[in-house]
Amino acid sequence: MMRILCLILFLYCSNACAQSSFYAVDLLREIRIYFYDSNWDHQLDSLYVQGDNERILADLIIDGSTYDSVGVRYKGFSSVSVNRVKNPFNIKLDYMIDGQDHNGVDKLKLSNVYQDPSFIREVLTYEIAANYLPSAKANYANIYVNDTLWGLYTNVQAVNKGFLNDHFGNKYYPLFKCNPKNLNVSPGGENANLSDAHGNDSLDYQPYYDIKSDYGWEALYNLIDTLNNYSDSVNKVLNVDRTLWMHALNYTLINFDSYIGYAQNYYLYKDKTGQFNPLLWDLNMSFGSFSLTDASSIYFSGFDILEAQNMDPLLHHTQISVSPRPLLRNLFLNERNRKMYLAHIRTIVNENFSNQNYALRGQYLQNLIDVSVQNDTNKFYSYTDFITNLNNQVALVTADCPGITQLMDARTTYLSGYTGFSGEPIITNIATSPQNFIVGDDVWITANITDATDAILGYRFGANMAFKTTTMFDDGNHNDGTANDGVFGGVISNSANKVDYYLYADNDSAGVFSPVRAAYEFYSIQSQLNVGDVVINEIMSNNISTTSDANGKFEDWIELYNTTSSPVSTAGLFLTDTLGLLQKWELPDYTIPANGYAIIWADEDGGQGDLHANFKLSNFGEQLILTNADSLVIDSITYLTQADDIAFARLPNGSGPFIMQASTFKANNDFINSITEKQEQIKVYPNPFSDFIKWNSFEGIEVRDILGKLMYTSENTNRISTSTWNTGIYFIHLKDKNQTIKVIKIQ
């Protein structure tokens with residue numbers, strides 16, 4: 001048994017490592033494309049000219065692994081041309097064969113390194129960005145077409161359902177690629193700028209945003225409307241901090257082929273907190289390679305290298321936005337947002353540029369790909385340009401492409417002297433109390449904060465909860481010592497068993513976070529739950545037609561119930577159906593509200609989200625155990641064989657013994673009120689009953705006992721003889737009305 005378990009763990013770990021390493025920067029991939037048709041290039045050119053997203057068939061070999069019938073098309077806009085040999089590829093591995101993937105990767109995004117003589121802009125920028133917000137991974141691949149070397153490409157992770165599941169724990173919420181169908185390249189083009197210029201009908205925005213989810217237009221318009229007309233409430237629908245990080249990266253690295261330039265090349269994803277999150281995309285022209293308009297009054301016609309080095313990161317606050325840029329301008333109306341934004345710029349500069357880490361990393365990447373660049377006969381620039389462009393400018397057709405260190409060394413000097421970059425408070429000696437807190441306690445956070453006018457505490461109880469903020473005080477009344485002693489205190493009332501938190505402080509000059517990468521990084525404290533704080537409240541092991549998951553499948557499910565009057569986190573809890581393997585599946589960091597519910601899908605499909613367990617429920621009955629990291633049993637149940645669509649639920653809700661009954665999915669099991677309402681519609685009498693039971697209309701019915709056993713079925717009746725039934729609880733399911741009524745048999 002132990003050998004089998006070790007083998008399973010080995011195979012699981014090997015697969016997980018293979019997925020993560022496919023985009024490992026230190027590894028050069030080899031990808032061979034074998035098109036079915038000899039005129040493949042003409043077919044791809046035609047699809048691109050027609051604006052058709054259809055694909056043509058090919059076989060694929062990735063590092064020796066072969067895949068049949070993949071779908072290939074070009075990707076991108078400006079990087080594609082029918083007159084170029086080396087065009088970017090978008091390859092869908094499961095185009096014809098469902099489920100086909102390479103170590104979990106089902107789509108390849110291969111960029112042709114257009115507008116980048118250095119060959120490192122895209123990979124280096126994604127690597128830096130990953131420290132501050134969810135970002136795609138990128139490395140390099142030598143691409144062969146029909147066994148002819150086509151060139152060195154960047155291999156960029158797709159922003160798709162797999163990416164969303166990895167970073168957000170779900171993949172079914174609204175996702176938009178913010179690229180208009182017809183890019184307006186004239187100065188001042190609005191494109192996907194999130195202005196409300198197109199009216200109050202979400203359908204009017206479809207030409208400007210590409211929806212990648214099954215739904216979401218209403219949510220996108222709500223974001224646009226709130227951002228433009230109710231910006232004081234925008235944090236309810238937008239992760240403002242993450243947006244400030246995106247702007248900080250774009251302006252620090254002069255990545256203008258983005259929202260701050262033509263208002264394109266980014267994604268928006270609405271996560272389980274209800275907030276939209278911006279995601280960077282298409283970074284091949286970062287570090288000043290894209291030098292066209294930013295839609296401000298000063299650089300309306302573009303900028304040169306000197307202007308890029310000294311680009312004001314608050315242009316859309318200090319100057320006129322010729323074309324609306326509400327995601328910049330409206331957020332920058334708030335002084336604290338501006339200070340937070342500049343604090344993020346400081347972190348990016350200090351961690352990557354002031355210390356020259358970026359230059360060392362850039363040289364490493366160039367050394368890694370040097371031979372491949374030399375062998376790339378289809379590259380857009382010479383090998384000399386490749387060597388030169390790390391440090392010095394190279395002339396392009398449109399404008400000079402700055403050397404990366406030429407740009408960033410000067411830019412670091414400029415930003416370091418920018419008003420608001422320095423003079424920030426200093427945060428030290430962060431402490432929490434009580435040390436052994438429990439669910440419902442008030443948790444105090446204190447810190448020494450030097451030279452601060454204001455301080456705030458950000459906190460949450462789980463990854464499905466947006467950070468909230470509360471004020472910290474130095475007044476002697478908030479567990480902070482004496483007034484004005486430089487110790488600030490803040491309280492998190494009615495806390496959960498786990499608290500994520502960060503601090504922010506500012507003064508007239510600047511602001512600062514602790515940790516400096518907040519809120520992408522944060523501090524955490526956690527205590528153990530008590531036995532009974534969370535219980536297994538209801539399960540269904542034979543879900544045929546009651547409730548489907550987000551993928552539309554009727555899967556087994558487990559309902560957890562928070563019995564306390566405070567929120568709780570499931571972090572550090574484990575579920576198992578195997579007594580000898582108590583930590584079989586670790587629950588995600590999920591907040592269950594006070595007296596609230598969480599549904600775990602027992603379907604062995606973690607690819608659907610972090611609330612999908614790695615085991616299924618046996619319909620023949622088994623034991624379920626909920627434990628903590630120390631293997632303390634928080635709750636356990638043993639259930640019996642279940643009939644179709646019958647749940648096994650606690651009655652009374654959260655505390656009683658289990659009975660078989662109709663499902664009350666993510667709701668109170670004490671459904672007497674709903675039964676009373678249904679009985680008023682269909683009068684069942686007598687109830688309690690003895691020898692018979694009847695109702696006031698002919699119905700198609702099924703009757704089951706408390707164990708789910710089918711006692712009676714009919715397609716059209718209004719009376720049942722029950723003299724032979726045992727005493728107890730029964731459930732009459734009215735098929736036509738999809739209603740279930742509980743009745744009681746007495747002697």
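Residues numbered from 1 in each chain as written. Predicted model: local features only at pLDDT ≥ 70, side-chain atom pairs only at ≥ 80, totals over all residues. Heavy atoms only, no water.

Let's talk about the overall build of the chain
Operational definition: Secondary structure elements are defined from DSSP: runs of H or I of at least 4 residues count as helices, runs of E of at least 2 residues count as strands, and each element is numbered from the N terminus. For a compact globule the rule gives 2.2 Å times the number of residues to the power 0.38, and the radius of gyration it is set against comes from C-alpha atoms. Partly exposed residues are those whose accessible area sits between 20% and 50% of the maximum for their type, while under 20% is buried and over 50% is exposed, using a 1.4 Å probe and protein chains only. Residues count as neighbours in contact if any of their non-hydrogen atoms are within 4.5 Å of one another. Where accessible areas are quoted, they stem from the Shrake-Rupley method and a 1.4 Å probe; at the residue level, only the protein chains shown are allowed to cover. Here Asp and Glu are counted as negative and Lys and Arg as positive; His is not counted, and neither are the chain ends. We put the charge of a Lys on NZ, of an Arg on CZ, of an Asp on CG and of a Glu on CD.
Looking only at helices and strands, one finds 14 helices and 38 strands in the chain. Taken against the 2.2 N^0.38 rule, which gives 27 Å for 747 residues, the C-alpha radius of gyration of the chain at 30 Å falls within 12% of a compact globule. A principal-axis box enclosing the C-alpha atoms of the chain has dimensions of 95 × 80 × 60 Å. Among the 747 residues that make up the chain, the fraction classed as buried is 55%. Summarising the internal contacts of the chain: among those between residues at least 6 apart in sequence, 65% fall at separations of at least 24. Of the roughly 30,500 Å² of accessible surface on the chain, a fraction of 49% belongs to carbon and sulfur atoms. Charge centroids of the chain, computed over 50 positive and 83 negative side chains, lie 5 Å from each other.

Looking at the sheet that holds strand β6 (residues 138-145)
Quick note on the threshold: Strands were regarded as paired on the criterion that DSSP finds at least two bridges between them. Axis lines are fitted to C-alpha atoms, over the contacting stretch for helices. Their N-to-C directions set the angle, which ranges from 0 to 180 degrees.
If you trace the 7 strands once around the closed barrel, you get β1-β2-β3-β4-β5-β7-β6, paired in mixed fashion. Strand-to-strand twist in this sheet, taken as the mean axis angle between neighbours without regard to direction, amounts to 40°. The sheet contact formed by strand β1 (residues 28-35) and β6 spans 6 bridges and is parallel. Residue pairing across strands places Leu 28 opposite Tyr 140, the latter belonging to β6. Here helix α11 (residues 357-375) sits on the sheet in contact with β1, β6 and β7 (148-156), set at roughly 150° to β7.

Quick word on helix α10 (residues 335-353)
Owing to its 3.6 residues per turn, the α-helix aligns residues three or four sequence positions apart on the same side. Selection rule: Helices are assigned an expected span. That span is 1.5 Å times one less than the residue count. Any pair of nitrogen or oxygen atoms within 3.5 Å is treated as a polar contact; in protein, a donor-acceptor pairing is required on top of that, and neighbouring residues in sequence qualify only through side-chain atoms on both sides.
If you check α10, its first and last C-alpha atoms are 26 Å apart, about what 19 residues at 1.5 Å a residue would give, namely 27 Å. Of all 19 residues making up α10, 15 are buried, and the element is well covered by its neighbours. Sitting at the head of α10, Asn 334 places a side-chain oxygen 2.9 Å from the backbone nitrogen of Arg 336.

Concerning the packing of aromatic side chains
Our working rule: Note on aromatic contacts: the rings of Phe and Tyr and the six-membered ring of Trp form a pair at centre separations within 6.5 Å, being stacked when their planes are under 30 degrees apart, edge-to-face when over 60 apart, and tilted otherwise. Lysine and arginine charges are scored as sitting over a ring when NZ or CZ, respectively, is within 6 Å of the ring centre and within 35 degrees of the ring normal.
Tallying each qualifying case throughout the model produces 35 aromatic pairs. Geometrically, the ring pair formed by Phe 380 and Tyr 381 is edge-to-face, given 6.2 Å between the ring centres and 65° between the ring planes. Judged by its relative accessible area of 12%, Tyr 381 is buried. Connected via pairs of aromatic rings, a cluster forms that spans Phe 467, Tyr 502, Tyr 504, Phe 513 and Phe 522. We note Arg 32 situated over the ring of Tyr 144; from NZ or CZ to the ring centre the distance is 3.9 Å. If you follow Arg 325 out to its NZ or CZ, it ends over the ring of Tyr 259, 6.0 Å from the centre.

Concerning the environment of Leu 624
As for its position among the elements, Leu 624 is in strand β30 (residues 623-628). Separated by 47 residues in sequence, Leu 624 and Asp 577 place their C-alpha atoms 4.8 Å apart. Residues within four places of Leu 624 in sequence aside, it is in contact with Ile 536, Ile 539, Ile 558, Thr 576, Asp 577, Phe 615, Leu 617, Asp 635, Ser 636, Ile 637 and Tyr 639.

With respect to the side chain of Asp 45
Checked against the element boundaries, Asp 45 lands in helix α2 (residues 40-50). Among residues more than four places away in sequence, those in contact with Asp 45 are Tyr 74, Val 82 and Asn 87.

So, the sheet that holds strand β11 (residues 276-280)
The strand order across the open sheet built from 4 strands is β9-β8-β10-β11, with neighbouring strands paired in antiparallel fashion. Since the sheet does not close on itself, it has two edges, and those belong to β9 (210-211) and β11, each with one partner. Pairing of strand β8 (residues 175-177) with strand β10 (residues 266-270), which is carried by 3 bridges, proceeds in the antiparallel orientation. Looking at β10, one finds that Lys 177 is bridged to Tyr 267.

Brief notes about the nonpolar core
Here is the rule: Here, nonpolar core refers to any group of buried Ala, Val, Leu, Ile, Met, Phe, Trp, Tyr and Cys residues whose side-chain atoms link them within 4.5 Å.
Ranked by internal contacts, the top residues of the largest apolar core, which has 101 residues, are Leu 194, Tyr 209, Leu 220, Tyr 266, Phe 287 and Tyr 341. Broken down by element, this core gets its largest block of residues, 8 residues, from α10. Beyond its immediate stretch of four places on either side in the chain, Leu 220 contacts Phe 176, Leu 194, Tyr 209, Leu 268 and Phe 276. By size, the runner-up hydrophobic cluster in this structure holds 31 residues, among which are Val 439, Val 568, Phe 615 and Tyr 639.

What about the pairing of β10?
The buried fraction of β10 is high, at 4 of 5 residues. In terms of strand pairing, β10 meets β11 through 5 bridges, oriented antiparallel. What sits directly across from Leu 268, in β11, is Pro 278. Hairpin geometry of β10 and β11 is characterised by an intervening segment of 5 residues between the two adjacent antiparallel strands and by a positive phi of about 90° at Gly 274.

With respect to the pattern of salt bridges
Counted only if it meets this: The salt bridge criterion pairs a side-chain nitrogen of Lys or Arg with a carboxyl oxygen of Asp or Glu, the two atoms within 4 Å.
Applying the stated criterion across every chain, the model contains 20 salt bridges. Glu 30 is paired through a salt bridge with Arg 32; the nearest N and O atoms lie 3.1 Å apart. The partner of Lys 272 in a salt bridge is Asp 610, and the shortest N-O contact between them spans 2.8 Å. Residue Lys 272 is found in the loop between β10 and β11, and its partner Asp 610 is found in the loop between β28 (597-602) and β29 (612-613); the two are separated by 338 residues along the sequence. Residue Asp 610 is classed as partly exposed on the basis of its relative accessible area, which comes to 24%. Each of Arg 460, Lys 498, Asp 500 and Asp 589 takes part in one network of salt bridges that share partners.

Regarding unusual backbone geometry
A cis amide bond, omega -5°, links Ser 433 with the succeeding residue Pro 434. Within the element layout of this structure, Pro 434 appears in the loop between β14 (426-433) and β15 (443-450). Residue Pro 515 follows Ser 514 across a cis peptide bond; omega there is 0°. Backbone geometry at Val 113 places phi at a positive 60°, although glycine is not the residue there. Within the element layout of this structure, Val 113 appears in the loop between β5 (107-111) and α3 (121-129).

Things to note about the pairing of strand β3 (residues 65-74)
β3 sits mainly inside the fold: 7 of its 10 residues count as buried. Where strand β2 (residues 56-62) and β3 come together, 6 bridges link them in antiparallel fashion. The residue of β3 that forms the bridge with Ile 62 is Ser 65. Hairpin connection between β2 and β3: a loop of 2 residues separates the two successive antiparallel strands, and Asp 63 in this loop has a positive phi of roughly 50°. Where β3 and strand β4 (residues 89-92) come together, 4 bridges link them in antiparallel fashion. What sits directly across from Gly 71, in β4, is Lys 92.

Quick look at the side chain of Glu 122
Among the structural elements, Glu 122 can be located in helix α3. Lys 75 provides the closest opposite charge to the buried, salt-bridge-free Glu 122, at an N-O distance of 5.8 Å. A polar contact of 3.3 Å, which involves the side chain of Glu 122, links it to the backbone nitrogen of Leu 283. Those residues within four positions of Glu 122 in sequence are excluded, and the remaining contacts are Ser 111, Asp 116, Thr 154, Val 156, Asp 282, Leu 283 and Asn 284.

Here's the deal with the confidence of the model for the chain
Our working rule: What pLDDT reports is the predictor's confidence in each residue, on a scale of 0 through 100.
With 95% of its residues at a pLDDT of 70 or more, the chain shows a mean pLDDT of 91. Scored below 50 in pLDDT, residues 1-17 shows 2 contacts in the model against residues more than four places distant or in partner chains. Segment residues 672-680: pLDDT under 50, and 10 contacts once partners within four positions in sequence are set aside and those in other chains are kept.

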